[in-house]
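Examination of the molecular architecture
So the chains spell out like this:
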Amino acid sequence: MKEQSSVQELIKRNNNNKGKVFADKAVPIVLLLIASVSVLTTIGILFTLVTETVTFFTRVNPFEFLFTKDWAPFSSDPKYGIYALILGTLKVTAVATIFAVPVGLGAALYLSEYASDRSRRLIKPVLEILAGIPTIVYGFFALTFVTPILRGIFPDLGSFNSISPGLVVGVMIIPMITSMSEDAMSSVPESIKEGALGLGATKFELATKIVFPAALSGIIASIVLAISRAIGETMIVSLAAGSTPDSSFSLIGSIQTMTGFIVQVATGDATYGSDIYYSIYAVGFTLFIFTFIMNIISQWITKRFREEY
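Residues numbered from 1 in each chain as written. Predicted model: local features only at pLDDT ≥ 70, side-chain atom pairs only at ≥ 80, totals over all residues. Heavy atoms only, no water.

**A short note on the overall build of the chain**
The helix and strand inventory of the chain stands at twelve helices and two strands. Counting helices and strands in the order they occur from the N terminus, the chain gives α-α-β-β-α-α-α-α-α-α-α-α-α-α. Taken over 309 residues, the chain has a buried fraction of 37%. For the chain, restricting intrachain contacts to residue pairs at least 6 apart in sequence, the fraction spanning at least 24 positions comes to 72%. With an accessible surface of roughly 17400 Å², the chain has 67% of that area assigned to carbon and sulfur atoms. (Helix = DSSP H or I, 4+ residues; strand = E, 2+ residues; numbered from the N terminus. Buried < 20%, exposed > 50% of the residue type's maximum accessible area, 1.4 Å probe, protein only. Contact = heavy atoms within 4.5 Å. Areas by Shrake-Rupley, 256 points an atom, 1.4 Å probe, with all protein chains shown as cover.)

Structure, rendered in structure tokens:
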């Protein structure tokens, strides 16, 4: 009887082991498929952009697209010089960066080194709320609130301009800069901070000469990623920047960004299969190149400064 029971236990144990072996083999495959979703999605998006962009360039001279300044796809004599759209995008991004970087880094430094637990519990949720607001709400805020205030200060400012959407895009990316920079600053070892204070450093010297340089890789990465986010912003610039491509460096007049043009065409202003329709893919591919370069720069800067510090 003992031998019979031991054999039954061995069979049962082997069956259980078979289930574990199957799970060990199946789980990595399932996880691989899940991880492959993002890769396959990226490949699909890139394939669509490239194929439709090639179709566009079979109809429009690539030299005209890259090196001319006039963008007028809806005119009787259509022109496809993307310079005006790129410049409009960069003007909004520049305003947003100039506003958001000092505010975001100041908030991060305060949260990391100066804020009490009570202040941190108050400020953190506010930043999370800013990050969760839909961009179309930001767009209406820029158009109906920020622009009238700016026009009261600068009478020459147009109803659509680069400054108002730039400031609001800056507000939108502040949580990204603050959160990532604050995480980088908080990761600086406490032993380094205590050593600096023990040597007589003030709180300000500790923050600016110890914590900030030690967290520089994460700070720069947050700024670059925030700029990339600002370049790709859609609804704010569509509502508050205008739809007039402008190849000048003026910030007070109506402009059009790359994302603004894509929204204009995608809402039904172009016939399927027309040159204008395919132009949104060419503009989208250009936007993809910009954001891809920004991500590469972010990774390179992060790696380099991490090695130095």
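**A short note on the side chain of Gln-256**
By secondary structure assignment, the location of Gln-256 is in the loop between helix 10 (235-240) and helix 11 (258-269). On the basis of relative accessible area, Gln-256 is assigned to the buried category, the value being 2%. In terms of polar contacts, Gln-256 uses its side chain to reach the side chain of Gln-264, at 2.6 Å. Look past the residues within four positions of Gln-256 in its chain and what remains in contact with it is Trp-71, Ala-84, Leu-85, Gly-88, Gly-242, Ser-243, Thr-244, Pro-245, Phe-261 and Gln-264. (Polar contact = N/O pair within 3.5 Å; in protein donor to acceptor, adjacent residues only side chain to side chain.)

**Structural notes on the pattern of salt bridges**
If you walk through the whole model with that rule in mind, you get six salt bridges. Between Asp-275 and Arg-59 there is a salt bridge, with its nearest N and O atoms 3.2 Å apart. One end of the pair, Asp-275, is in helix 12 (residues 275-308); the other, Arg-59, is in the loop between helix 1 (2-57) and helix 2 (62-67), and 216 residues separate them in sequence. You can call Arg-59 partly exposed: its relative accessible area is 42%. Note that Asp-117 is salt-bridged to Arg-120, the shortest N-O span being 3.2 Å. In this pair, Asp-117 and Arg-120 both sit in helix 4 (residues 117-132), three residues apart, roughly one turn of the helix. Judged by its relative accessible area of 52%, Asp-117 falls in the exposed class. (Salt bridge = Lys/Arg side-chain N within 4 Å of Asp/Glu carboxyl O.)

**Side note on the UniProt feature "transmembrane region" (unreviewed entry) in the chain**
Here the UniProt-annotated "transmembrane region" (unreviewed entry) positions come out as residues 26-50, 80-110, 122-146, 158-177, 210-231 and 276-297. The span residues 122-146 carries 92% helix and 0% strand; its end-to-end C-alpha distance comes to 25 Å. (UniProt positions renumbered as here; feature names shortened; annotations may be inferred.)

**A word on the packing of aromatic side chains**
Using the criterion set out here, one finds 13 aromatic pairs in the structure. Measuring from centroid to centroid gives 5.0 Å for Trp-71 and Phe-261, while their planes differ by 90°, and the two rings are edge-to-face. Here Phe-261 lies in helix 11 and Trp-71 lies in strand 1 (residues 71-72), a separation of 190 residues in the sequence. Grouping residues by exposure puts Trp-71 and Phe-261 together as buried. Ring geometry for Tyr-277 and Tyr-281: centres 5.5 Å apart, planes at 70°, overall edge-to-face. With Tyr-277 and Tyr-281 both in helix 12 and four residues apart, the pair spans about one turn of that helix. We note that Tyr-277, like Tyr-281, is buried. (Phe/Tyr/Trp six-rings, centres within 6.5 Å; stacked < 30°, edge-to-face > 60°.)

**Some thoughts on a nonpolar patch on the surface**
Taken together, the side chains of Phe-141, Phe-145, Ile-149, Ile-153 and Phe-154 make up a nonpolar region of the molecular surface, amounting to roughly 500 Å² of accessible area. Its location among the elements puts Ile-153 in helix 5 (residues 135-153). (Patch = residues over 30% accessible without salt bridge, like charges linked within 9 Å, V, L, I, M, F, W, Y side chains within 5 Å.)

**Overview of the packing of helix 5 against helix 6 (residues 163-186)**
It is at 9 Å that the axes of helix 5 and helix 6 come closest, and there the two elements cross at 130°. As summarised for this structure, helix 5 and helix 6 are arranged oblique, according to the angle between their axes. Crossing geometry of helix 5 relative to helix 6 is assigned as right-handed. Of helix 6, the residues touching helix 5 (which contributes Thr-135, Tyr-138, Phe-141, Ala-142, Val-146, Thr-147 and Leu-150) are Ile-163, Ser-164, Leu-167, Val-168, Val-171 and Met-172. Looking at the contact of helix 5 with helix 6, its residues break down into ten nonpolar, three polar and no charged. (Axes fitted to C-alpha atoms, helices over the stretch in contact; angles between N-to-C directions. Parallel < 35°, antiparallel > 145°, perpendicular 65-115°, else oblique. Left-handed = near helix turned anticlockwise from the far one by under 90°. Nonpolar A, V, L, I, M, F, W, Y, C, P; charged D, E, K, R; others polar.)

**Regarding the side chain of Glu-182**
The topology assignment puts Glu-182 in helix 6. Ignoring anything within four residues of it in the chain, the contact list for Glu-182 reads Ala-108, Leu-111, Ser-112 and Lys-124.

**Some details on the packing of helix 4 against helix 6**
Each pair of packed helices gets described by two things: the angle between the helix axes and the distance between those axes. The contact between helix 4 and helix 6 brings their axes to 8 Å, and the two run at 130°. Judged by the inter-axis angle, helix 4 sits oblique to helix 6. Handedness of the helix 4/helix 6 crossing: left-handed. Residue-level inspection shows Lys-124, Leu-127, Leu-130 and Ala-131 of helix 4 in contact with helix 6, the latter providing Val-171, Ile-174, Pro-175, Thr-178 and Glu-182. Grouping the amino acids of the contact of helix 4 with helix 6 by side-chain chemistry returns six nonpolar, one polar and two charged.

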